[in-house]
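# Fold and geometry: a report
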Amino acid sequence: MAKEKKGIRLEHVSKIYKDPKTKKDFYAVKDVSVEIEPGSFVTLLGPSGCGKTTTLRMIAGFESPDEGSIFLGGERIDELTPNKRDTAMVFQSYALLPHYNIFDNVAYGLKIRKVPKEEIRKKVIDILELVGLSGMETRMTNQLSGGQQQRVALARALVIEPGVLLFDEPLSNLDAKLRVSMRTEIRRIQQEAGITAIYVTHDQSEAMSISDQIIIMKSGVISQMGTPQDIYYHPVNEFVADFIGDANFLKGKVVSHAGETGTMEINGNHVEVSGCGHVSEGSEATLVLRPESIHLEDAGNIPCDVVLSCFMGAYQNYHVMVGDTKVAITDYNPRGKKIYQVGDKAFISFKPETAHVLQASE
Amino acid sequence: MKRRQSAALDRKKLLKDPVLLITIIILIVALLLFVLYPLLILLVDSIWQEGHFTLGIFESVLHLGRFQTAFWNTVRAGVITGLLSTLLGLLFAYVDVYVRLRFRILERLFNVVSMLPVVSPPFVLSLSMICLFGRSGLVTRQILGIYDANVYGLVGIVVTQTLTFFPVCYLMLRGLLKNIDPSLEEAARDMGASRWKVFWTVTTPLLLPGLGNAFLVTFIESAADFANPMLIGGDYDTLATTIYLQITGAYDKQGASAMAVVLLSLTILMFIIQKYYLESKTAATLTGKASRERMRITDKSVTFPMTMLCGLVSIFVILMYAMVPMGALFKLWGRNYALTLDHFKYIFTYGGLAAFKDSALLSVIAAPITAILSMIIAYLVVKRKFKGRGFIEFVSILAMAVPGTVLGVGFIRGYSNGMFRTGFLQGIYGTSAILIIAFVVRSLPTGTRSGISALRQIDKSIEESAYDMGAGSGKVFMTVTLPLIKDSFFSGLVTAFVRSITAISAVILLVTPRWNMVTVQINSLAEKGNYGEACAYATVLIIIVYAAVMLMNLFIKYFGTSRVRRQK
């Protein structure tokens, strides 16, 4: 549907703001370089204040970078005003024009582009069908639910066939259930339209379910970029590991390794791990364990005390103490399994390949 | 850290947006020419004589007995009016927000009383004061039999100004009181404080910056007021009237400039305290919205005296306004109370129609200019960022603190011989153009303020989305901004019309025989003691203004934005 998929390239982009309280300049975005392939769905993910929305607004043209340049489909766009850029944005608040009905909202961009009336009519009808709002052309925006408003905002952005579609936390105003169905919908429409999309969110499950690539940002800097699997299984540091999904961190030392597999010492106990090839023997390291990859057993290498045991339906939730470190465990399908009670002594176990080792300096 | 790149990019983006760029340049030039320059020239005039810097003019003016009296008169009237208006405004606001009103009619009375000063020409209350309490006043002579009553002077000024300005305080304080979360006071009551104690220890401290605000706003209005001191001041001269007399009587334009500088410094000082100190404090103490409906006071020992007091004041105010059409209908006030239309016939035989035509024509031209300009300024200030934004906001709001008399003198000094005496733009002096410009400058601050507050309600991303869809700045303003604030635009239009057609302070200095303004007519008739004719003029004026306001309400009711929202 889009005329031409366009890629985006950010070269050493920085944005400096003045802190309103301390009156000091600080980097809201610092030295961000990214290459986004045409047609891919890339998510900027991070806690609030990490610079993800600022980055998006720089791409849209609402903010100007203080360092670096932005390229859209090979063309440098730094000096273009937002209305001259081949981008379309879906806003967090939807930003529908309240004095227009749905048809006029969607047709707005086409009218600006002086598209003939008949063609506008056809395009608007088609796009409303794509987002599932056929027959609602004459409704006013305040007669729509949040999800419907979101679809109008999406239709309005899609109909002008932009090179890149920008999403600024579009689902954060919807309730939890709708959020889940809308994100699948957004992904479907993006694929059908075959359009490049950049998506900003602070919700990690949204990011994982929707993206080809995730860029994790913290304090204006990119922490990691990769596919959802990459980031979940091989986080580069504790921040990423903790931000994407839940993670337990056990401090210890790599005793020995042969290739990727090796042995770590935790609280004096030895345990087999994989993925520690980058850590030299004898150096401090942190073992990253996802709660769902750990089990409790009656015998094993790492002893622990159960401090919380809670039935959640789909899983049993445990908190155990390994030395001074609290470890969360999610044990799915608890039915028929042995349930440990608070005060029980047990051992934690995991498959070596589900563990991930970080160099201690991190 | 270097922030130059974003500044350079923003500049380049601005250059690629010619509509925006040209608008900004025109605005800045207009504000420089018609707000800053006339004020600046006053300062230059009063310290620059025959090519030399001198403090001589100031010195002689400051030593002038007339000036000293006028200065302290202005301050005294301002302080008393400010205090009384704030107190009366507080009483009305408190009753409106806290007290359960037994009779619906009281609410209507409140509405009428708060509307009246908006729709009435500035000197109406002075006229009716004279009709009621003057030498041949209805109350003083007819009822009390006093033959040498004297309303002229400080008392007359204070009463008329208080009744004119207290509704503004009422509206300001009502807004603040409504924002106080009732649970704060309930918490205090719950801990055992009496209602009186709660008022003093919770309500008042929260309201204190707001009270200061109301006082200063009234003080500025009082100091800037020209019409009431002129009509009812007698020999109690204030700065505004003294400046006028200095120009029209003593032909001392330099002295008038120096006095204008003093008056301007006084009002701007108050304005700066109010705007930059008190307003931020008000915002800091009263940010939250009331979480739920307040439990109204029903205790009779509280409600009875308060509602009585408010009711009496309201009735008195309405009576005052009713005096004007009465004055126009009686044959000879004080002697012969036979009903007659002679006064109306008189004014329409002797130039009245022309005066109304001129006043209305110039106001009709000035109103849309003001409304459009103030919406554009509001849009730029709230929604865009660019160099010079602070300047535009500051100057257009600052104009609020400039007394009309000062602006009038500034225009005379600034343009009677052209800019800086070079003859440049001399052409506008003595024409209708300068009157229209004066109207626009006088109404711009109110329009801009209402536009700014209307726009702040609108999510910034709505305009951004239109911009993002490819619309240029002009298109965004016309298709998105303006339709969303059309209520504010239309009320700005009518307010500008009303303010212009009832304006006198600047106009009386700038008017030429070619243009015949209603307000100037009323003033000169009242000065001559022809109250019947003056009242007849004022009555017609009130009718015109009232019609305009009704038209505005109708428009907002049937075409306003709130209507679109209600179409559920």
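Rules and cut-offs
Residues numbered from 1 in each chain as written. Chains lettered and ligands numbered in written order. Predicted model: local features only at pLDDT ≥ 70, side-chain atom pairs only at ≥ 80, totals over all residues. Heavy atoms only, no water. Helix = DSSP H or I, 4+ residues; strand = E, 2+ residues; numbered from the N terminus. Buried < 20%, exposed > 50% of the residue type's maximum accessible area, 1.4 Å probe, protein only. Contact = heavy atoms within 4.5 Å. Areas by Shrake-Rupley, 256 points an atom, 1.4 Å probe, with all protein chains shown as cover. Lys, Arg positive; Asp, Glu negative; His and termini not counted. Charge placed at Lys NZ, Arg CZ, Asp CG, Glu CD. Buried area = accessible area lost by both parts, 1.4 Å probe. Salt bridge = Lys/Arg side-chain N within 4 Å of Asp/Glu carboxyl O. Polar contact = N/O pair within 3.5 Å; in protein donor to acceptor, adjacent residues only side chain to side chain. Nonpolar A, V, L, I, M, F, W, Y, C, P; charged D, E, K, R; others polar. pLDDT = per-residue confidence, 0-100. Domains from an automatic or database assignment. Arc of directions from axis to C-beta. Pairing = 2+ DSSP bridges. Axes fitted to C-alpha atoms, helices over the stretch in contact; angles between N-to-C directions. Phe/Tyr/Trp six-rings, centres within 6.5 Å; stacked < 30°, edge-to-face > 60°. Lys NZ or Arg CZ within 6 Å of the ring centre and 35° of its normal. Patch = residues over 30% accessible without salt bridge, like charges linked within 9 Å, V, L, I, M, F, W, Y side chains within 5 Å. Expected span 1.5 Å × (residues − 1). Bend = angle between axes of the 7 residues up to and from the residue. Parallel < 35°, antiparallel > 145°, perpendicular 65-115°, else oblique.

## A word on the overall build of chain A
Each helix and strand counted, chain A has 8 helices and 20 strands in total. The dimensions of chain A, computed from C-alpha atoms along their principal axes, are 75 × 50 × 45 Å. Looking at the 362 residues of chain A, the share that counts as buried comes to 54%. Across chain A, contacts joining residues at least 24 apart in sequence account for 66% of those joining residues at least 6 apart. Counting only carbon and sulfur atoms, one obtains 49% of the accessible surface of chain A, whose full area is about 15700 Å². If the 40 positive side-chain charges of chain A are averaged to one point and the 47 negative ones to another, these points end up 8 Å apart.

## Let's talk about the interface of chain A and chain B
Across the contact, 45 residues belong to chain A and 34 residues belong to chain B. Buried area between chain A and chain B, both sides added, is near 3500 Å², and the carbon and sulfur share of it is 54%. By the criterion of area lost to chain B, the three top residues of chain A are Glu 79, Asn 83 and Tyr 108 of chain A, representing 17% of everything that side buries. The tally of links from chain A across to chain B stands at 4 salt bridges. The closest approach of N and O atoms between Lys 385 of chain B and Glu 63 of chain A, which form a salt bridge, is 3.2 Å. The interface formed by chain A and chain B contains 21 residue pairs in polar contact (both at pLDDT 80 or more). Those elements giving two or more residues to the side of chain A that touches chain B turn out to be β1 (8-18), β2 (25-36), α1 (52-60), β4 (67-72), β6 (87-90), α2 (102-112) and α4 (146-159) of chain A. Per-element tally for the side of chain A that touches chain B: the top contributor is β1 of chain A, with 4 residues. Split by residue class, the side of chain A that touches chain B holds 22 nonpolar, 11 polar and 12 charged.

## Focus on the pattern of salt bridges
The tally for this structure, following the rule as stated, stands at 24 salt bridges over all chains. Where Lys 111 of chain A meets Asp 104 of chain A, a salt bridge forms, and the shortest distance between an N and an O atom there is 3.3 Å. Where Glu 192 of chain A meets Arg 188 of chain A, a salt bridge forms, and the shortest distance between an N and an O atom there is 2.9 Å. Of this pair, Glu 192 of chain A and Arg 188 of chain A both sit in helix α5 (residues 176-193), separated by 4 residues, roughly a single helical turn. On the basis of relative accessible area, Arg 188 of chain A is assigned to the partly exposed category, the value being 34%. Here the salt bridges share partners, and the residues they tie into one network are Arg 57 and Glu 63 of chain A together with Lys 385 and Glu 464 of chain B.

## A word on the confidence of the model for chain B
All names here are of chain B. Averaged over every residue, the pLDDT of chain B is 84; residues scoring 70 or more account for 96%. When mean pLDDT is compared element by element in chain B, helix α4 (residues 65-98) scores highest at 91, while helix α26 (residues 561-566) scores lowest at 49. The model gives residues 563-568 a pLDDT under 50, and that stretch makes 12 contacts with residues more than four places away or in other chains.

## What about the domain arrangement of chain A?
Residue and element names in this part refer to chain A. Segmentation of chain A into domains returns domain 1 (8-240) and domain 2 (247-359). Using only C-alpha atoms to locate each centre, domain 1 and domain 2 end up separated by 39 Å. With 8 residues of domain 1 at the interface, the matching set in domain 2 holds 7 residues. Roughly 640 Å² is buried in total at the junction of domain 1 and domain 2, and carbon and sulfur atoms are behind 49% of that figure. Summed over the three residues of domain 1 that lose the most area to domain 2, namely Tyr 232, Pro 235 and Glu 238, the buried surface amounts to 78% of that side. Applying the counting rule to domain 1 against domain 2 returns 1 salt bridge. In this structure, Lys 251 and Glu 238 form a salt bridge, with 2.8 Å as the shortest nitrogen-oxygen distance.

## Looking at helix α9 (residues 182-190) of chain B
In an α-helix there are 3.6 residues to a turn, and that puts residues three or four apart on one side. Residues and elements named next belong to chain B. If you check which residues of α9 are buried, you get Pro 182, Glu 185 and Ala 188. Buried residues of α9, viewed axially, fall in a sector of 125°; they line one side. The inward-facing, buried residues of α9 contact α4 and α10 (195-224). Gly 192 sits one or two residues past α9 and shows a positive phi near 105°.

## Here we look at the sheet that holds strand β19 (residues 345-349) of chain A
Residue and element names in this part refer to chain A. Here 5 strands make up an open sheet; going across it, the order is β15-β19-β16-β17-β18 and the pairing antiparallel. Every other strand in the sheet has two partners, leaving β15 (295-297) and β18 (325-332) as the edge strands with one partner each. Each strand of the sheet is rotated relative to its neighbour by a mean of 45°, with strand direction disregarded.

## Some thoughts on the sheet that holds β2 of chain A
Hydrogen bonding along the main chain pairs the strands of a sheet, whether they run parallel or antiparallel. Residue and element names in this part refer to chain A. Read across the open sheet, the 4 strands follow the order β2-β1-β4-β5; overall the sheet is antiparallel. The two strands at the open ends of the sheet, each matched to only one other strand, are β2 and β5 (75-76). Looking at chain direction, β1 and β4 are connected through 5 bridges and run antiparallel. Its bridge partner lying in β4, Ile 8 is registered against Leu 72.

## As for the packing of aromatic side chains
Following the criterion strictly, the structure yields 28 aromatic pairs over all chains and no others. Ring plane angle 40° and centroid distance 6.5 Å describe the contact between Phe 62 of chain A and Tyr 467 of chain B, whose orientation is recorded as tilted. Of this pair, Phe 62 of chain A sits in the loop between α1 and β4 while Tyr 467 of chain B sits in helix α20 (residues 460-468), each in a different chain. There is no split in this pair, since Phe 62 of chain A and Tyr 467 of chain B are both buried. Look at Tyr 100 of chain A and Tyr 108 of chain A: their rings are 6.2 Å apart centre to centre, the planes differ by 40°, and that puts the pair in the tilted class. Both residues of the pair, Tyr 100 of chain A and Tyr 108 of chain A, belong to the buried class. Pairwise contacts between aromatic rings join Tyr 94, Tyr 98, Trp 196, Phe 199 and Trp 200 of chain B into one cluster. Stacked on the ring of Phe 71 of chain A, the Lys or Arg Arg 9 of chain A has its end atom at 4.4 Å from the ring centre. Of note, Lys 218 of chain A hangs over the ring of Phe 239 of chain A, and the distance from its end group to the ring centre comes to 4.9 Å.

## Some words on a nonpolar patch on the surface
A grouping of Leu 40, Val 44, Trp 48, Phe 53 and Leu 55 of chain B is seen on the molecular surface, where their side chains present a nonpolar patch of about 520 Å² in accessible area. Of note, Phe 53 of chain B is situated in strand β2 (residues 52-53).

## Comments concerning the pairing of strand β12 (residues 261-266) of chain A
Residue and element names in this part refer to chain A. Alternating positions in β12 separate cleanly, Gly 262, Met 264 and Ile 266 being buried on one face and Thr 261, Thr 263 and Glu 265 remaining unburied on the opposite face. Two elements, strand β11 (residues 248-258) and β12, share 5 bridges in a ladder whose sense is antiparallel. Bridging from a neighbouring strand, His 257 pairs with Gly 262 of β12. Here β11 folds back onto β12, and the loop between the two strands holds 2 residues, one of which, Gly 259, carries a positive phi near 65°.

## Let's talk about unusual backbone geometry
Residues and elements named next belong to chain A. Positive phi outside glycine occurs at Tyr 94, with the angle close to 70°. Positive phi, close to 50°, is recorded for Glu 161, a residue that is not glycine. Tracing the backbone through its elements, the reader meets Glu 161 in the loop between α4 and β7 (164-168). Residue class for Glu 161 comes out buried when judged on its relative accessible area of 18%.

## Overview of helix α14 (residues 300-329) of chain B
Along its 30 residues, α14 of chain B runs 42 Å from first to last C-alpha, staying within 8% of the 44 Å computed at 1.5 Å per residue. Bending of α14 of chain B peaks at approximately 25° at the position of Met 323 of chain B, with proline Pro 325 of chain B no more than four residues after it.

## Details of the packing of helix α6 (residues 124-133) of chain B against α14 of chain B
All names here are of chain B. For the pair α6 and α14, interaxial distance at closest approach is 8 Å and the crossing angle is 90°. By the angle class used here, α6 and α14 are roughly perpendicular. Between α6 and α14, the residues in contact are Val 124, Leu 125, Ser 128, Met 129, Leu 132 and Phe 133 and Phe 316, Met 320, Tyr 321, Met 323 and Val 324, respectively.

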